[in-house]
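Structural overview for review
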Amino acid sequence: DAGITQSPRHKVTETGTPVTLRCHQTENHRYMYWYRQDPGHGLRLIHYSYGVKDTDKGEVSDGYSVSRSKTEDFLLTLESATSSQTSVYFCAIEDTGELFFGEGSRLTVL
Amino acid sequence: QKEVEQNSGPLSVPEGAIASLNCTYSDRGSQSFFWYRQYSGKSPELIMFIYSNGDKEDGRFTAQLNKASQYVSLLIRDSQPSDSATYLCAVTDTGRRALTFGSGTRLQVQP
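Below is a summary of the structure that appears in this document.

Analysis parameters
- Residues numbered from 1 in each chain as written.
- Chains lettered and ligands numbered in written order.
- Predicted model: local features only at pLDDT ≥ 70, side-chain atom pairs only at ≥ 80, totals over all residues.
- Heavy atoms only, no water.
- Contact = heavy atoms within 4.5 Å.
- Buried area = accessible area lost by both parts, 1.4 Å probe.
- Salt bridge = Lys/Arg side-chain N within 4 Å of Asp/Glu carboxyl O.
- Polar contact = N/O pair within 3.5 Å; in protein donor to acceptor, adjacent residues only side chain to side chain.
- Helix = DSSP H or I, 4+ residues; strand = E, 2+ residues; numbered from the N terminus.
- Pairing = 2+ DSSP bridges.
- 1 Å grid on protein atoms, 1.4 Å probe; cavity = no way out; pocket = protein on both sides within 12 Å on 5 of 7 lines; lining within 4 Å.
- Points joined across faces, edges and corners; volume = space filled by probe spheres on them.
- Nonpolar A, V, L, I, M, F, W, Y, C, P; charged D, E, K, R; others polar.
- Buried < 20%, exposed > 50% of the residue type's maximum accessible area, 1.4 Å probe, protein only.

With that settled, the discussion passes to the interface of chain A and chain B. On the side of chain B, 17 residues touch chain A, which itself brings 21 residues to the contact. For the pairing of chain A and chain B, the buried interface totals around 1600 Å² over both sides, and the portion due to carbon and sulfur atoms is 53%. On the surface where chain A and chain B come into contact, there are one salt bridge. Where chain A meets chain B, there are six residue pairs in polar contact (both at pLDDT 80 or more). Those elements that place two or more of their residues in the side of chain A that touches chain B are strand E4 (32-38), strand E5 (42-51), strand E9 (87-95) and strand E10 (98-101) of chain A.

Structure follows, in structure tokens:
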């Protein structure tokens, strides 16, 4: 157990509303990641963080922002959700070169 | 655009057979290679990693790497119905400390 908790685990929202997903870790890992997973696309990197207030974009960052004000929390925000952002979102931490994933957050945008 | 390619499957094998899963990648600078297993509705879990050319064995699993051909494979010996899952290949990015994933191969082991 890598000590990763994602919340909420399921969310249904409407187009145009803001949404924040939270990833919480208990083991003080420096690197944290947000991926999304869609059928036929595998896992695609949205944003990642290499320390408090240090973040960078992944390959599908448009429409998403992140924040990391504490080592243990990495927040993913959709400022104005769109139907194309319906997906399963996975948070991950890196431990000695290996990624360990949270249980995922399923987001549906109507 | 760095790419990791996998056949989506499904790959169907009988119980007890060898399952062979393949992956190619485009980034010649990638140094580390991973295989994740993902059951339906669950999160990916790491089953193997390999850094050097050649074979690496762990129980019923063998990872094979050929950097010259930009090719990684995973062999599962004595396949069991419990091995039925999607297998994701992942490689390190040279430009950042992150993994690029393939879209996965769905394996079905028939009892």
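Moving on to the sheet that holds strand E7 (residues 61-66) of chain B. Residue and element names in this part refer to chain B. On the basis of which strands lie adjacent, the open sheet formed by five strands has the order E1-E3-E8-E7-E6 and antiparallel pairing. Whereas interior strands pair on both sides, the edge strands pair on one side only; in this sheet they are strand E1 (4-5) and strand E6 (54-58). Note: E6 against E7, five bridges, orientation antiparallel. By the bridge assignment, Gly-54 is partnered in E7 with Leu-65.

Before going further, it helps to examine the layout of surface pockets. Estimated volume of the largest pocket: approximately 620 Å³. In terms of lining, the largest pocket is formed by 29 residues, of which the most central are Gln37(A), Gln38(B), Tyr39(B), Ser40(B) and Gly41(B). Of all elements in the fold, only E4, E9 and strand E11 (105-109) of chain A together with strand E9 (85-92) and strand E11 (105-110) of chain B reach the threshold of two or more residues within the lining of the largest pocket. Among the residues forming the lining of the largest pocket, the class breakdown is seven nonpolar, 16 polar and six charged.

Here we come to the pattern of salt bridges. Residue and element names in this part refer to chain A. Taken as a whole, this structure holds 10 salt bridges over all chains when the rule is applied. With its nearest N and O atoms 3.1 Å apart, the salt bridge here joins Asp-73 to Arg-22. Here the residue Asp-73 occupies a position in strand E8 (residues 73-78), and Arg-22 occupies one in strand E3 (residues 19-25), the gap between them amounting to 51 residues. Judged by relative accessible area, which is 8%, Asp-73 ranks as buried. The structure contains a network of salt bridges with shared partners spanning Arg-22, Lys-70 and Asp-73.

Once that is clear, we can look at unusual backbone geometry. In this model, Ser7(A) is joined to Pro8(A) through a cis peptide bond whose omega is -10 degrees. Mapping Pro8(A) onto the fold places it in the loop between strand E1 (4-7) and strand E2 (10-13). A cis geometry characterises the amide bond from Gly9(B) onward to Pro10(B), with omega recorded as 10 degrees. Along the chain, Pro10(B) falls in the loop between E1 and strand E2 (11-14). Positive phi, normally seen in glycine, also occurs at Lys53(A), with a value near 65 degrees. Position of Lys53(A) among the secondary structure elements: in the loop between E5 and strand E6 (54-57). Residue Lys53(A) is classed as exposed on the basis of its relative accessible area, which comes to 65%. For Gln70(B), which is not glycine, the phi torsion reads 55 degrees and is therefore positive. Gln70(B) sits in the buried class, given a relative accessible area of 11%.

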